[in-house]
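# Breakdown of the fold
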Amino acid sequence: MPTMLAVSGLVHRYGGGPTAHTAVNELSFTVEAGQLACIVGPSGCGKSTLLRCIAGLITPSGGEIRLHGDLVSGVPADLAVVFQDYSRSLFPWLSVRRNVEFPLRGRVSRRSARRARAEEALSWVGLADVGGKYPWQLSGGMQQRVSIARALACQPALLLMDEPFASVDAQTRAELEDLLLRVRREQGSTVLLVTHDIDESVYLGDRVLVLSRSPATIVADLPVDLPPDRDQITTRGSSTFVDLRTEIARLLHHSPDGTPAPTTDRFLAAERAEAARQARVTTRQ
Ligand code: ADP
């Protein structure tokens, strides 16, 4: 498979002088066309910074990023991003259909073609019958499906997803994970998905890149040796799944410099606290 994304020696520092903070340090990896690669790392390790560099939203301090061979400088036209915060990424004054059509305006000249593309993308995510509604008339899970449809309608070379399911309840999260697996298989999309959830990274990925604590470096690049047809119950109960999630948890709990590792309980408590914080943020909105 050809290389879709190549990240080489990526460094990003916020600020300058003695208060400069290195968020990403010497990161290098590639993603092949058609692959779903997951990046997992502790909260605050630099995952969003990496993603924002790839999306051309911030200019890295060092290294380079290439999308199908082209150097990324500015937001690439054939890249789409799905953010965690669906409530802020959809326009409340536009119907669902027009939200999906919106980014197509600069890419597809005929209005009827934009409409057809939007309808098709909504059908991929099972929302063919809600195109005339407004985002605020839909549940959180449905709004995130609209965000996914909007990204897919652009037929991106690379779909970036930043903690896309972190703001929905557990049941909806499982449904959205399965939807992503199905749509990605049907559309042959190349996906780079960032998450702090170890289980989600194994369940979704063809491959899991494990990041260290801040500043982010890659501590492991693990193939996921699970069949492509995954199931929330049998896949998560399989020994391959359990072994891999245990391996990733172990890697995340041991810093490369040998400093004492937090226990699994402490790590999971921190992850639960972060999930609760996200849920509170969502509830307040
Ligand atoms: P993650 O997505 O893994 O939670 P981030 O990429 O958001 O991590 O942040 C990595 C580190 O960079 C954190 O220590 C964070 O505080 C810092 N950081 C993120 N954005 C900024 C910014 N705009 N200015 C200064 N520091 C930042």
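What comes next is a walk through the structure.

Procedures and definitions
- Residues numbered from 1 in each chain as written.
- Predicted model: local features only at pLDDT ≥ 70, side-chain atom pairs only at ≥ 80, totals over all residues.
- Heavy atoms only, no water.
- Salt bridge = Lys/Arg side-chain N within 4 Å of Asp/Glu carboxyl O.
- Helix = DSSP H or I, 4+ residues; strand = E, 2+ residues; numbered from the N terminus.
- Buried < 20%, exposed > 50% of the residue type's maximum accessible area, 1.4 Å probe, protein only.
- Pairing = 2+ DSSP bridges.
- Axes fitted to C-alpha atoms, helices over the stretch in contact; angles between N-to-C directions.
- Contact = heavy atoms within 4.5 Å.
- Parallel < 35°, antiparallel > 145°, perpendicular 65-115°, else oblique.
- Left-handed = near helix turned anticlockwise from the far one by under 90°.
- Core = buried A, V, L, I, M, F, W, Y, C linked by side-chain atoms within 4.5 Å.
- Patch = residues over 30% accessible without salt bridge, like charges linked within 9 Å, V, L, I, M, F, W, Y side chains within 5 Å.
- Areas by Shrake-Rupley, 256 points an atom, 1.4 Å probe, with all protein chains shown as cover.
- Near = heavy atom within 4 Å.
- Polar contact = N/O pair within 3.5 Å; in protein donor to acceptor, adjacent residues only side chain to side chain.
- Nonpolar A, V, L, I, M, F, W, Y, C, P; charged D, E, K, R; others polar.

### Some words on the pattern of salt bridges
Summed over all chains, the structure comprises 14 salt bridges. The partner of Arg173 in a salt bridge is Glu200, with the nearest N and O atoms 2.9 Å apart. Taken together, the residues span a long stretch of sequence, with Arg173 in helix α6 (residues 170-187) and Glu200 in helix α7 (residues 198-204) at a distance of 27 residues. For the residue pair Arg173 and Glu200, the accessibility class agrees, reading buried in each case. Here Arg185 makes a salt bridge to Asp229, at a shortest N to O gap of 3.5 Å. Separated by 44 residues along the polypeptide, Arg185 in helix α6 and Asp229 in the loop between β10 (218-223) and α8 (234-237) bring together distant segments of the chain.

### Some remarks on the sheet that holds strand β6 (residues 79-82)
In spatial order, the strands read β6-β7-β8-β3-β9-β10; together these six strands make up an open sheet with mixed pairing. Where the open sheet ends on each side, the last strands, each with one partner, are β6 and β10. Adjacent strand axes in the sheet meet at a mean angle of 15°, parallel and antiparallel pairs treated alike. Inspection of the sheet shows strand β9 (residues 207-211) paired to β10 by five bridges, in the antiparallel sense. Its bridge partner lying in β10, Arg207 is registered against Pro223. Sheet strands in contact with helix α9 (residues 239-253) are β3 (36-40), β9 and β10, and its direction is about 175° off that of β10.

### With respect to the packing of helix α4 (residues 111-124) against helix α5 (residues 140-153)
The relative placement of two packed helices is expressed as an angle between their axes plus a distance between the axes. One can describe the packing of α4 onto α5 by two numbers: an axis separation of 8 Å at closest approach and a directional angle of 130°. As far as their axial angle goes, α5 and α4 are oblique. Helix-helix and strand crossings are classified by hand; for α4 and α5 the assignment is right-handed. Contacts between α4 and α5 pair Arg117, Ala121, Leu122 and Trp124 from the former with Ala149, Leu152 and Ala153 from the latter.

### Let's talk about the nonpolar core
With 53 residues, the main nonpolar core has Met161, Leu204, Val210 and Ile248 as its most contacted residues. Discounting chain neighbours no more than four positions away, the residues touching Ile248 are Val40, Ile198, Ser201, Val202, Val208, Val210 and Leu222.

### Some words on a nonpolar patch on the surface
Together, Leu57, Val75 and Phe83 make up a nonpolar patch on the protein surface, roughly 270 Å² of accessible area in all. As for its position among the elements, Leu57 is in the loop between α1 (47-54) and β4 (62-67). When its relative accessible area of 47% is taken as the criterion, Leu57 is described as partly exposed.

### Structural notes on the site of the ligand
Taken together, Tyr14, His21, Ala23, Pro42, Ser43, Gly44, Cys45, Gly46, Lys47, Ser48, Thr49 and Arg52 make up all the residues around the ligand. Between the ligand and the protein, one listed contact pairs an oxygen atom with a side-chain N or O atom of His21 at 3.2 Å. Of all the secondary-structure elements, those providing two or more residues to the shell around the ligand are β2 (21-32) and α1. A per-element tally of the shell around the ligand places α1 first, with four residues. Tallied by class, residues from the shell around the ligand come to four nonpolar, six polar and two charged.

### Here we look at the sheet that holds strand β5 (residues 70-71)
Within the open sheet, the four strands sit side by side as β2-β1-β4-β5. Their pairing is antiparallel. Unpaired on one side and paired on the other, β2 and β5 mark the two borders of the sheet. Sheet topology places strand β1 (residues 3-14) next to β2; eight bridges connect them, and they run antiparallel. Note on β2: the bridge partner recorded for Val7 is Phe29. With respect to the sheet, α1 is in contact with β1, β2 and β4, its orientation differing from that of β1 by roughly 120°.

### Brief notes about α1
Counting buried positions along α1 gives six out of eight residues, so the element sits mostly inside the fold. Among the residues trailing α1, Gly56 stands out with phi positive, at a value near 75°.

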